[in-house]
Amino acid sequence: MAEKSDSSKMIILKCPQCGGQLDLDPDKEVATCPFCKTKLLIVRSIEQNNVINYNIRIDNTGKKEQDLSSREDYGEQLRIKIRRILPRAAAAAAVIIALGLIFKACGAVIGALSGSGGGNETGEEVVQDADSETGTENGQDTQEASSEGRVIEVPPYDAEVPEIDPIPQKTESIAAAEIKEFPVHFTERGQEVRFDVTVPNPGNVYVYIAEMRSDEGAEIQIYDGKGERKGGLGWGRNGSGVVFKTAGPGEKYSIHVIQSEGLSEFVVRVGMPKPVTDLSDITVLSDRMDYKNQENVYTITAGETGMYSFFPSEMMADMRIGMVLYDRLGARVTSNSYAYTGRGIWAELTEGETYTLAVSQSEEIGSYDLLVGRQKTAVDMEEYVHVKDRSEFAYQRNCYTFAARADGNCRIEMTEVNTDDSFEISMYDKLGQNIGTFGTYNRSNTGRTFAGLKAGETYKVYVAQSEGLGTYILSVYQPKDIVEITEGDTIKDSIEVADQSNTYSFTSSRTGDVTLTISGLTGDSAVALKVYNDLGENLYTDSYFVNGDSLTIHGTKPGSHAMICIEAAEGSSNYVLTLE
């Protein structure tokens with residue numbers, strides 16, 4: 001039911017077009033809304049006990065859809081309608097009174113009886129009051145009332161930890177070396193014995209005297225197929241010999257043994273070189289030294305540029321070998337003349353290049369295992385935050401690459417390291433320059449923040465074995481993507497790691513102040529809140545921002561822009577940032 005003003009005897013209604021409050025003269029049948037200029041009709045209906053209710057309708061006078069030709073016609077229609085309503089009202093008086101107490105508005109009851117929710121009997125639209133179901137409230141239209149800010153949920157760092165495959169293992173064994181034996185029996189002084197040998201493989205050949213009495217001696221001379229002298233031994237005793245090198249398989253040599261002291265029987269032995277073994281896909285090679293001065297030769301073609309190692313194992317305690325690594329031009333890369341179990345050689349090799357490893361007998365004769373460690377393929381961290389990997393040989397160096405997603409900092413952490421293991425972690429830029437190193441020598445979870453990374457540039461992280469062989473988890477925390485925000489937004493995000501910085505690009509949509517409020521932090525956590533302009537100048541800073549704290553950006557205008565950063569200060573936690 002509409003109310004009347006005591007002072008002016010005016011009726012108070014709302015405009016059905018714009019919702020503006022109207023003070024209208026009840027004695028008039030037509031009015032104009034002062035807000036939207038809509039022409040209105042004042043409709044009166046009479047209930048029992050002479051209760052007069054007022055409703056207003058849009059005046060469609062002059063419109064094609066509903067053309068009321070005259071005010072008199074409209075009055076006649078109104079009288080007809082009143083005559084229809086009065087008989088019904090008497091029968092429903094009690095219901096009207098009860099509903100009136102519930103709704104506290106007789107106008108709502110009249111509207112219900114006359115079907116005002118879906119149009120009246122004349123087909124004209126009837127506008128409900130402010131508390132009706134049309135969606136208008138407190139003078140605001142439906143669109144304005146529903147224009148609330150967004151809730152933006154930023155996912156945490158991916159918790160998946162894929163495991164990197166270990167180096168494929170392959171073990172081979174090499175047969176013992178061939179040793180040819182020629183018996184010698186001197187019967188007269190100056191006697192000379194000759195015998196020919198064909199060498200099956202290129203490499204060093206060792207000719208030596210065995211089973212000779214200590215007071216006897218002999219001279220040895222060696223000639224190739226052209227009669228050219230390849231080496232000799234002027235005064236040979238038991239166990240002494242001479243080494244000469246053959247360049248190709250199937251070469252023939254003549255060995256001359258000449259009596260020099262004593263007449264007795266002994267043997268001349270010729271140790272033949274073994275075939276060259278390719279180590280490119282072998283991780284453990286079982287081999288042996290069968291005679292003094294023996295040299296076993298291996299080759300390896302680097303599948304990846306990086307660190308390779310060659311370590312003897314399973315050797316007798318007093319056995320020693322020499323190791324020399326040559327490049328394709330025969331230049332020495334590295335060597336160890338006194339290698340034993342756990343002590344070998346390592347070097348950085350170039351992908352596609354073939355190298356030669358010569359292992360020679362130094363002290364004692366016996367078997368050994370050669371452990372071959374080779375560079376694993378670099379792991380692309382573009383889709384990973386964490387990976388589980390391992391060190392499988394001494395001086396192993398695993399490589400990880402990533403392209404920086406944004407300018408700024410990157411946090412590298414090494415976790416789940418066994419207490420007996422330690423590693424050195426280094427980062428290199430695209431020019432190969434070291435930009436920082438840290439180690440796990442304190443046997444605890446550790447990490448480092450690397451500053452000044454450039455968006456789009458590729459960086460490499462190396463994890464080098466220092467002590468022990470075991471697994472670890474490497475984590476590369478790049479900055480999260482920048483989130484676009486404005487007034488009214490609620491951001492749900494998290495701080496998970498030291499020195500983490502979450503960035504939001506704020507563009508204002510209105511004129512005034514904007515208040516940033518933090519909530520949802522755990523009790524022992526805090527963050528830092530910083531606001532920068534487009535020149536990178538710091539406008540506002542709160543270095544210890546905790547639950548309930550707020551910071552206000554003053555004087556924003558539509559389209560004005562700032563960067564808002566939430567940075568780790570203490571602990572790790574989820575949080576909620578609101579902009580009002």
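Residues numbered from 1 in each chain as written. Predicted model: local features only at pLDDT ≥ 70, side-chain atom pairs only at ≥ 80, totals over all residues. Heavy atoms only, no water.

**Re the environment of Tyr 400**
Point 1. Secondary-structure assignment places Tyr 400 in strand E28 (residues 397-403).
Point 2. On the basis of relative accessibility, which here comes to 1%, the residue Tyr 400 falls in the buried class.
Point 3. Placed 21 residues apart in sequence, Tyr 400 and Val 379 show a C-alpha to C-alpha distance of 4.6 Å.
Point 4. Reaching out from Tyr 400, the side chain makes a polar contact with the side chain of Tyr 472 at a distance of 2.5 Å. (Helix = DSSP H or I, 4+ residues; strand = E, 2+ residues; numbered from the N terminus. Buried < 20%, exposed > 50% of the residue type's maximum accessible area, 1.4 Å probe, protein only. Polar contact = N/O pair within 3.5 Å; in protein donor to acceptor, adjacent residues only side chain to side chain.)

**Looking at the sheet that holds strand E41 (residues 550-556)**
Point 1. Taken in spatial order, the five strands line up as E7-E36-E43-E38-E41 in an open sheet, and their pairing is mixed. Either end of the sheet is taken by a strand with one partner, and the two such strands are strand E7 (151-153) and E41. Strand-to-strand twist in this sheet, taken as the mean axis angle between neighbours without regard to direction, amounts to 20°.
Point 2. In terms of strand pairing, strand E36 (residues 490-495) meets strand E43 (residues 573-579) through six bridges, oriented antiparallel. Looking at E43, one finds that Ile 495 is bridged to Ser 573. (Pairing = 2+ DSSP bridges. Axes fitted to C-alpha atoms, helices over the stretch in contact; angles between N-to-C directions.)

**Considering empty space enclosed by the protein**
Point 1. A full pass over the atoms with the stated rule returns four cavities of 30 Å³ or more.
Point 2. Estimates place the volume of the second largest cavity at around 50 Å³.
Point 3. Where the lining of the second largest cavity is concerned, the elements lending two or more residues are strand E11 (203-210) and strand E19 (295-301).
Point 4. With three residues, the single largest contributor to the lining of the second largest cavity is E19.
Point 5. Split into classes, the residues belonging to the lining of the second largest cavity amount to three nonpolar, three polar and two charged. (1 Å grid on protein atoms, 1.4 Å probe; cavity = no way out; pocket = protein on both sides within 12 Å on 5 of 7 lines; lining within 4 Å. Points joined across faces, edges and corners; volume = space filled by probe spheres on them. Nonpolar A, V, L, I, M, F, W, Y, C, P; charged D, E, K, R; others polar.)

**Some remarks on the layout of surface pockets**
Point 1. Empty space within the second largest pocket amounts to approximately 410 Å³.
Point 2. Lining the second largest pocket are 23 residues; nearest its centre among them are Gly 408, Asn 409, Pro 479, Ser 501 and Thr 503.
Point 3. Among the elements that line the lining of the second largest pocket, the one with the most residues is strand E29 (residues 408-415), at four residues.
Point 4. Residue classes in the lining of the second largest pocket are distributed as 10 nonpolar, eight polar and five charged.

**Some remarks on the pattern of salt bridges**
Point 1. Tallying each qualifying case throughout the model produces 23 salt bridges.
Point 2. Between Glu 261 and Arg 237 there is a salt bridge, with the nearest N and O atoms lying 3.3 Å from each other. With a gap of 24 residues between them, Glu 261 in strand E15 (residues 251-261) and Arg 237 in the loop between strand E13 (229-236) and strand E14 (241-246) connect regions that are remote in the sequence.
Point 3. Among the residues examined, Arg 237 registers a relative accessible area of 28% and is labelled partly exposed.
Point 4. Each of Lys 170, Glu 172 and Asp 281 takes part in a single network of salt bridges with overlapping partners. (Salt bridge = Lys/Arg side-chain N within 4 Å of Asp/Glu carboxyl O.)

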